[in-house]
Amino acid sequence: MKFSLRQAVGIIIWWTEGTKAYRDMRWSNSWVYPVDVTNTNPDIIKSFLDFLRKDIGINEKRLKLQLQIHDGDNREVIESYWSKVTKIPRARFSKTIIRPKGNKIGKSMGTCKIRYSDKPTYLKLQSLLENVLVYLGLKFEK
């Protein structure tokens with residue numbers, strides 16, 4: 001299978017920084033298939049979003065974002081910053097999580113989590129990951 005450099009980078013970001021499928025304990029035999037990536041680096045976030053938008057063909061309206069910041073950080077400035085970086089309107093932000101004061105107050109733009117939950121998309125990413133790893137001569141373990 002052929003894939004582009006953007007696809008390889010996007011899938012490796014998801015593999016290393018993404019949330020994996022997990023059992024939903026509220027219902028028996030129910031699983032959640034998140035296509036989430038969390039990071040503080042805007043270039044990593046932008047690269048992953050570019051991959052989702054251009055190569056995976058996600059439904060933009062289902063794409064959400066959640067931030068974690070520290071008490072004392074300027075929430076308004078940080079939310080505006082990530083909205084511009086990601087091109088996701090603040091109306092699609094989940095509630096911002098405010099952590100107790102850290103030792104980097106004012107030096108960080110928070111932690112950004114891209115949130116998209118869709119089983120077919122998750123399985124598509126998993127298949128692409130397997131192909132990239134086989135191409136690289138690595139073993140994939142589920």
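Report on the accompanying structure. Given the structure is predicted, the values throughout are model-derived calculations rather than measurements.

**Quick notes on helix H2 (residues 42-56)**
Then comes step 1: When the terminal C-alpha atoms of H2 are compared, their 20 Å separation across 15 residues agrees well with the 21 Å that a helix rising 1.5 Å per residue should span.
Then comes step 2: Ile45, Phe48, Leu49, Phe51, Leu52 and Ile56 are the residues of H2 that are buried. Angularly, the buried residues of H2 cover 155° about the axis, an arc narrow enough to put them on a single face.
Then comes step 3: Next to the buried residues of H2 lie helix H1 (5-17), strand E3 (37-39), helix H3 (75-86), strand E6 (111-115) and helix H4 (119-135).
Then comes step 4: The distance from a side-chain oxygen at the start of H2 to the backbone nitrogen of Asp43 is 2.7 Å, and the residue carrying that oxygen is Asn41.
Then comes step 5: Count one or two residues on from H2 and you reach Gly57, which has phi positive near 75°.

**Details of the nonpolar core**
Then comes step 1: Of all hydrophobic cores here, the largest spans 31 residues; its most connected members are Trp14, Phe48, Trp82 and Ile114.
Then comes step 2: Going through the elements one at a time, H1, H2, strand E4 (64-70), H3, E6 and H4 are the ones with two or more residues in this core.
Then comes step 3: Residue contacts for Trp14: discarding those within four places in its chain leaves Thr19, Lys20, Pro34, Val35, Asp36, Val37, Phe48, Tyr122, Leu125, Gln126 and Leu129.

**Some words on the packing of H1 against H4**
Think of two packed helices as two axes; the pair is described by the angle between the axes and how far apart they sit.
Then comes step 1: For the pair H1 and H4, the least separation of the axes is 10 Å and the interaxial angle reads 110°. By the criterion of interaxial angle, the relationship of H1 to H4 is roughly perpendicular. On H4, the residues that touch Gln7, Ala8, Ile11, Ile12, Trp14 and Trp15 of H1 are Tyr122, Leu125, Gln126, Leu128, Leu129, Val132 and Leu133.
Then comes step 2: A class-by-class count of the residues in the contact of H1 with H4 yields 11 nonpolar, 2 polar and no charged.

**Quick notes on the sheet that holds E6**
Then comes step 1: Spatially, 4 strands are ordered E3-E6-E4-E5 in an open sheet, and the strand pairing comes out mixed. The sheet is open, and its two edges are formed by E3 and strand E5 (97-99), each paired on a single side. Within the sheet, the average angular offset between the axes of one strand and its neighbour, ignoring direction, is 15°.
Then comes step 2: Taken together, the 3 bridges between E4 and E5 define a ladder with parallel strand orientation. Residue His70 lies in a different strand from E5, and its bridge partner there is Arg99.
Then comes step 3: Sitting on the sheet, H2 touches E3 and E6, and the angle it makes with E6 is about 10°.
Then comes step 4: The sheet strands contacting H3 are E3, E4, E5 and E6, and the helix crosses E4 at an angle near 145°.

Calculation criteria
Residues numbered from 1 in each chain as written. Predicted model: local features only at pLDDT ≥ 70, side-chain atom pairs only at ≥ 80, totals over all residues. Heavy atoms only, no water. Helix = DSSP H or I, 4+ residues; strand = E, 2+ residues; numbered from the N terminus. Expected span 1.5 Å × (residues − 1). Buried < 20%, exposed > 50% of the residue type's maximum accessible area, 1.4 Å probe, protein only. Arc of directions from axis to C-beta. Contact = heavy atoms within 4.5 Å. Polar contact = N/O pair within 3.5 Å; in protein donor to acceptor, adjacent residues only side chain to side chain. Core = buried A, V, L, I, M, F, W, Y, C linked by side-chain atoms within 4.5 Å. Axes fitted to C-alpha atoms, helices over the stretch in contact; angles between N-to-C directions. Parallel < 35°, antiparallel > 145°, perpendicular 65-115°, else oblique. Nonpolar A, V, L, I, M, F, W, Y, C, P; charged D, E, K, R; others polar. Pairing = 2+ DSSP bridges.

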